[in-house]
Each structure stands twice: as structure tokens, then as C-alpha cells.
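Residue strings, one per chain:
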Amino acid sequence: MSSDFDVIVIGAGPAGYVCAIRCAQLGLKTACIDDWLDSSGQPVLGGTCLNAGCIPSKALLENSEHYASLKGPDTHPGISLQGLSLDLAAVQQDKQRIVTELTNGIDTLFSSNGVERINGRATLHPERHVHVSQHENNKVRVYTAEHVVIATGSRPMDIPAARIDGHRIVDSTGALDFDDVPARLGIIGAGVIGLEMGSVWNRYGSEVTLLEAQDMFLPPVDRDIAAIALAEFRKQGLDIRLEARVTETVNGDSGVCVTFSHTEEDHEMEFDRLIVAVGRSPCSDEITSPEVELALEQGGSIHVDEHWETSVPGVYAIGDVIAGPMLAHKGSAEGTAVAEIIAGQHGEVNYASIPGVIYTEPELAWTGSSEQDLRNAGTPYRVGRFPFTASGRARAMGKTAGLVKLLAHRDSDEILGVHIVGENASELIAEAVIAMEFKASSEDLALTIHAHPTLSESLHEAALSVSGQAIHVANRRTD
Ligand code: NAD
């Protein structure tokens, strides 16, 4: 008996929906199943990224940045403003408008590409039978497919010391939905989410304290970049406390009291709201029936081979539910590659140049190896640096906090990593990713003409500085 579909994709986040669209483009009969319901109980596509992650957080980050820049400090002399006010309800409404437009957009893309959308909770049974429990009536419908792709994503991690109550103590989803600006905001974890959400609420006026268990700030980030970012964030008023491990929270009348250990002593602080941002875990539980033996890795991610096939033949997994950085664009790249493999083509992902971004002010963005990675691996390298203080464009913008750091192999000159802190770093990093994809040398970048005056000249100058030829900054020898 033939299957209902060539491919069933479980999950319609950036990994799953991209995979489904690519499968359909390649002529495969494809369905995509998702169980996400919005706040009014309506099924929506897009997963965490569109509904409770990248997009709503960026909407708030943009809005709060405008608000903060209008409030000052005065970086644009000659402009003054009176009567500035914040209507948070209108901000939240507009955030929801952006989300809805984008999630509806995926629905349109599914229709135009011929992907069948199925709403409900999917469970994988033997022989690639997928049971879908429908939202309306909990009735189960069974679909079969030649190939199944699991793209069920991740969820916020919970810690016993701070149980989410959805009101005072919230996770990253709750942190996007505050209906007032908390006067005292605590955040457990000074990672990506802690810093982005801390920035949003700090700009709207909260007094923000981040309690971070580790002694190092942003361990995966290049040390020079992390040091500049830490100093800038502290200047903005983010109270970032390292080596502060939260051990207990007590919800009281006046707020939530947080106990944390710091320099071997216990400390207490009270907050009006507390965000728990201590990482995310893969949604790999409850997606298969007991007869399906899906091998997991330590930490719960689904084990896959080099073609993203799981331990169950014909079943693949992509995105946050497998190992690797939990990034939407990493999941989308895997989704495309798997679709192409299923269609009998060649599909691959270059994990070495996936960019990482933290959307703070200044932004952090990087790709490839950090200096500490190269040192640990014993790889010989040269460093080029260019500070934003030396960029005419950055000065005109009043955004001089920043640095581009470029690492190239000492012998071959191939670019091994680029690390940026500064205005528009999230956009600037694309040039570095392309350069690395084409295995460019620092000389290639140095010979490429960049428009003046732009921030991208900072990449050009950093590339020149690798060989001591930067024009707008004093060169220092690194070898
Ligand atoms: P994270 O791993 O970036 O940071 C969590 C931090 O919490 C860590 O530094 C950890 O040391 C700390 N921590 C853990 N337990 C603690 C305790 N008891 N007390 C104090 N500190 C504690 O995780 P996140 O910020 O929650 O983000 C989750 C995932 O989502 C990440 O993989 C991230 O890459 C992804 N994400 C990416 C973006 C982006 O690309 N801009 C945005 C949001 C989320």
C-alpha cells in the first residue's frame, strides 16, 4: 500500500517549515504538522522563532532602542524632545501584528508551494505511521509517509531554584509579554536571552540585574569582543553579576526574593519580576510511541548521522532537537539539506561558518573560530583589528563602541574567524560568512573596495591590519 505522503515534517518552525517548502519545491508530496496555538487558541505556524523568540524579541528590541535613543543620552546634538511617553499596550499590539503577518505568510507559502498543513499534536509510530491528535476534538488521525522529518525544536529549561509561575517568575516567552515595565527586574542567566531581554526592559526603564553562575562572561564569544560588550552593557546600567548562582526563590507580598551565592557568601535581592533564561532543552520527549526506538544523545538531543537520519530508518531530525547551536538559520540550513537528500540530491551544511548574533546595543556577531579556539587547537594565526572609534561612519552615527577582529591562518592567510561588536554587527557579519564560504584570505578582503563612508570599511581595515597595512589606525604586529 502506498503512503499518504512522500514526506511528513513534524514541526513548523524555521527548520520544519523551510524543509517542507523545499521538499514540495523538489516535487515531493509533503505535509507539515504543527501543534502551536496562539494566545486565542488558534493554530499558528512558525514555531518558537516567529511566535515566542526571534521575531517578537526583535520587535521589542527595535521599539525599545528607538525609545532609549529618544530618551538620550544625547548623541545627536541639536535635537531635543519634550513629552516623550511609552504606551506599552500599543507596543505589544504592534509586536503581535508583526508576528501574525509573518505566521500568516508561512501559511500562504505552504499553499503556493503545495505543502499540506495539518494542525494537531503528532506522535511517530512504527513504519512511519504518524498519529495526529486534533485540537478540536482530540480525535486521532493516522497518516503514513515514506520519510518523516522531526523538527520539534526546543523549550526553555526549568531550574528547581526558580519555578515558573507565569506571573512573577517567567521564562523567555513570558518575558516578551509583560503588560507593565517592572521597576526591579531580575534575570537568571546572562546568556543570549538574558542579555536581549535585559536590554529591552532596561531601555523601557527597569532596573535590571543579571545573575550569572559562570565566572566568565559569554564563554563562547571571543574574549576581546566579550570584554567590550560587558563594559558597554554595564555602562547602560545592566547590573551583570558573574559567579552568582541562584539557589532559591521565594514569592512574597512585595516581590520575589532571590537567594544567590556569590564569592562564597549567600546574598538576597528582591525583584518585581524574574526571568529565568538558563538555556533551552530539545523537545525530544513524547514524540514517539514506546515501540519506536529513537536514539538520544546526552542532554536529550536526537542522535543523527551525517545525513541527519536518526536511528530509525527513513526518519530524520533537524534544528534545535538535534545537537549544535540552537539557531533558526542553522535549522533552516539543515531543513534544506535534508529535503535535498530525500529528493536524491546532494545536501550539506557548512557548520564552520554559521554566524552567531546577539541583538543587543552594541550588537555582537561572529563566525568561525575565536582566538581562544585557535590557541587551544594550536593553529598558527595572525590577528587584524579595527576599532569603530576610527570609523568615520561610526563617529557620524555616534556609535563608536565597537571592534572588528579578524583571524587569519599565519601561513595560508585563509580567514578562520571574524568577530564583531558594534552597530549593525548582525548585518556586517554576512560579508565575513561569504568570505569564509569562498575560503577567502585576509588579502582577498583587503583588496576588495568597500564604499566610503560605511561601517563595512571596518572589516576592510581589519583585513588590512592582519598584514600591518591598515590605513586609519596604527598597526600592531601580531606575529
Ligand atoms: P544560554 O546558554 O545562552 O545562557 C544561559 C546562561 O544561564 C548560561 O550562561 C548559564 O551559565 C546561566 N545559568 C544556568 N543556571 C544558572 C543559575 N542557577 N544561576 C545563574 N545562572 C545560571 O541560554 P539562553 O540565553 O537561555 O538561550 C537559549 C538558546 O536560545 C541558546 O542556545 C541561544 O543560542 C538561543 N537563542 C539565540 C538567540 C539569537 O540568536 N540571538 C536569541 C535567543 C535565544
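Residues numbered from 1 in each chain as written. Predicted model: local features only at pLDDT ≥ 70, side-chain atom pairs only at ≥ 80, totals over all residues. Heavy atoms only, no water.

Q: Mind showing me how you'd approach the overall build of the protein chain here?
A: Counting its regular elements, the protein chain contains 12 helices and 22 strands. Within the protein chain, the proportion of its 479 residues that are buried is 50%. Within the protein chain, counting contacts between residues at least 6 apart in sequence, those at least 24 apart form 62% of the total. In the structure as shown, the protein chain presents an accessible area of about 22,200 Å², 50% of it carried by carbon and sulfur atoms. (Helix = DSSP H or I, 4+ residues; strand = E, 2+ residues; numbered from the N terminus. Buried < 20%, exposed > 50% of the residue type's maximum accessible area, 1.4 Å probe, protein only. Contact = heavy atoms within 4.5 Å. Areas by Shrake-Rupley, 256 points an atom, 1.4 Å probe, with all protein chains shown as cover.)

Q: It is not clear to me how the pattern of salt bridges should be interpreted in this structure. Could you clarify?
A: Side-chain pairs of opposite charge can arise whenever the charged atoms involved come near each other. Taken as a whole and judged by the stated rule, the model has 26 salt bridges. The salt bridge partner of D107 is R117, with a shortest N-O separation of 3.1 Å. Here D107 is found in helix α4 (residues 88–113), whereas its partner R117 is found in strand β3 (residues 116–119), with 10 residues between them in sequence. With a shortest N-O distance of 2.9 Å, R241 and D239 are connected by a salt bridge. The partly exposed category is assigned to D239, whose relative accessible area is 28%. Through salt bridges that share partners, D222, D224, E371, R375, R385 and K405 make up one connected network. (Salt bridge = Lys/Arg side-chain N within 4 Å of Asp/Glu carboxyl O.)

Q: Teacher, can you tell me more about the domain arrangement of the protein chain here?
A: Many descriptions give the size of an interface as the accessible area lost when the pieces come together. Entries for the protein chain in the domain assignment read domain 1 (5–156 + 281–349), domain 2 (169–278) and domain 3 (353–466). The C-alpha-based centres of domain 2 and domain 3 are spaced at 29 Å. Taken residue by residue, the interface counts 18 residues in domain 2 and 19 residues in domain 3. When the buried surface of domain 2 facing domain 3 is broken down by residue, E196, D222 and I225 rank first, second and third, together holding 34% of it. The tally of links between domain 2 and domain 3 comes to 8 residue pairs in polar contact (both at pLDDT 80 or more). Elements with a minimum of two residues in the side of domain 2 that touches domain 3: α5 (192–204) and α6 (223–235). Sorting elements by how many residues they give to the side of domain 2 that touches domain 3 places α6 first, with 7 residues. Considering only residue class, the side of domain 2 that touches domain 3 consists of 10 nonpolar, 2 polar and 6 charged. (Domains from an automatic or database assignment. Buried area = accessible area lost by both parts, 1.4 Å probe. Polar contact = N/O pair within 3.5 Å; in protein donor to acceptor, adjacent residues only side chain to side chain. Nonpolar A, V, L, I, M, F, W, Y, C, P; charged D, E, K, R; others polar.)

Q: Help me out: how do you make sense of the sheet that holds strand β13 (residues 256–262) in this one?
A: Strands in a sheet are paired, the pairing made by backbone hydrogen bonds, and the direction either parallel or antiparallel. Read across the sheet, 3 strands follow the order β12-β13-β14 without closing on themselves; strand pairing throughout is antiparallel. Of all the strands in the sheet, the pair left with one neighbour each is β12 (245–251) and β14 (265–271). On average, each strand axis in the sheet is inclined to that of its neighbour by 25°, with strand direction left out of account. Strand direction decides the pairing type here: β13 and β14, joined by 7 bridges, are antiparallel. What sits directly across from V258, in β14, is M269. (Pairing = 2+ DSSP bridges. Axes fitted to C-alpha atoms, helices over the stretch in contact; angles between N-to-C directions.)

Q: What am I meant to see in the site of the ligand here?
A: Neighbouring the ligand are 22 residues, the closest being I193, E212, Q214, G279 and V357. A distance of 2.6 Å separates an oxygen atom of the ligand from a polar side-chain atom of E212. Contact with the protein chains hides 77% of the accessible area of the ligand, taken as 850 Å² for the molecule alone. Only α5 and β12 provide two or more residues apiece to the shell around the ligand. (Near = heavy atom within 4 Å.)

Q: Looking at this structure, how should I read the side chain of K405?
A: Relative to the elements of secondary structure, K405 occurs in strand β21 (residues 403–409). Within the structure, the side chain of K405 is placed 2.8 Å from the side chain of D222, a separation counted as a polar contact. A polar contact of 2.5 Å, which involves the side chain of K405, links it to the side chain of E371. Once you skip the residues sitting within four places of it in the chain, K405 turns out to touch D222, D224, I225, E371, V383, G384, R385, G417, V418 and H419.

Q: For this particular structure, what's the right way to read helix α3 (residues 54–71)?
A: Structural remark: α-helix, 3.6 residues per turn; residues separated by three or four positions point the same way. The terminal C-alpha atoms of α3, which comprises 18 residues, lie 25 Å apart, in line with the 26 Å expected from a rise of 1.5 Å per residue. Regarding α3, the residues found buried are P56, S57, A59, L60, L61, S64, Y67 and A68. Looking at the packing, one finds that the buried side of α3 touches α2 (47–52), α4 and α5. Of the residues flanking the end of α3, it is G72, one or two places downstream, whose phi is positive at about 105°. (Expected span 1.5 Å × (residues − 1).)

Q: Looking at this structure, I do not really get the pairing of β21. What am I missing?
A: As a general feature of sheets, a regular strand has side chains that alternate between the two faces. The buried fraction of β21 is high, at 7 of 7 residues. Going residue by residue along β21, you find L403, K405, L407 and H409 tucked away on one face and V404, L406 and A408 tucked away on the opposite face as well. Pairing analysis gives 6 bridges linking β21 to strand β22 (residues 415–422), with the strands arranged antiparallel. Bridge pairing in β22 links A408 to I415. Counted along the chain from β21 to the antiparallel partner β22, the turn is 5 residues long, and its residue D413 has a positive phi close to 70°.

Q: Please explain a nonpolar patch on the surface as it appears in this structure.
A: Together, L70, L81 and L84 give the surface a local cluster of nonpolar side chains, amounting to about 260 Å² of exposed area. Tracing the backbone shows L70 in helix α3. (Patch = residues over 30% accessible without salt bridge, like charges linked within 9 Å, V, L, I, M, F, W, Y side chains within 5 Å.)

Q: What am I meant to see in the sheet that holds β21 here?
A: Taking strand neighbours across the sheet as the criterion, the 5 strands line up as β18-β19-β22-β21-β20 in an open arrangement whose pairing is antiparallel. Unpaired on one side and paired on the other, β18 (356–358) and β20 (381–387) mark the two borders of the sheet. Here the strands of the sheet are splayed against their neighbours by 10° on average, with no regard to which way each runs. Pairing of strand β19 (residues 363–368) with β22, which is carried by 6 bridges, proceeds in the antiparallel orientation. Its bridge partner lying in β22, T367 is registered against V418. Helix-sheet contacts for helix α10 (residues 425–437) involve β18, β19 and β22, and the interaxial angle to β19 is about 10°.

Q: In this structure, what is going on with α10? I would like to understand it.
A: Here α10 spans 18 Å end to end across 13 residues, near enough to the 18 Å set by a 1.5 Å rise per residue. Buried within α10 are the following residues: A425, S426, L428, I429, A432, V433, A435 and M436. Down the axis, α10 shows its buried residues gathered within 160° of arc, on one side only. Exposed residues pointing more than 90 degrees away from the buried face of α10 are listed as E427 and I434. In this structure, the buried residues of α10 make contact with β18, β19, β22, α11 (442–446) and α12 (457–466). Note on α10: the residue one or two positions beyond its end, K439, has a positive phi of about 50°. (Arc of directions from axis to C-beta.)

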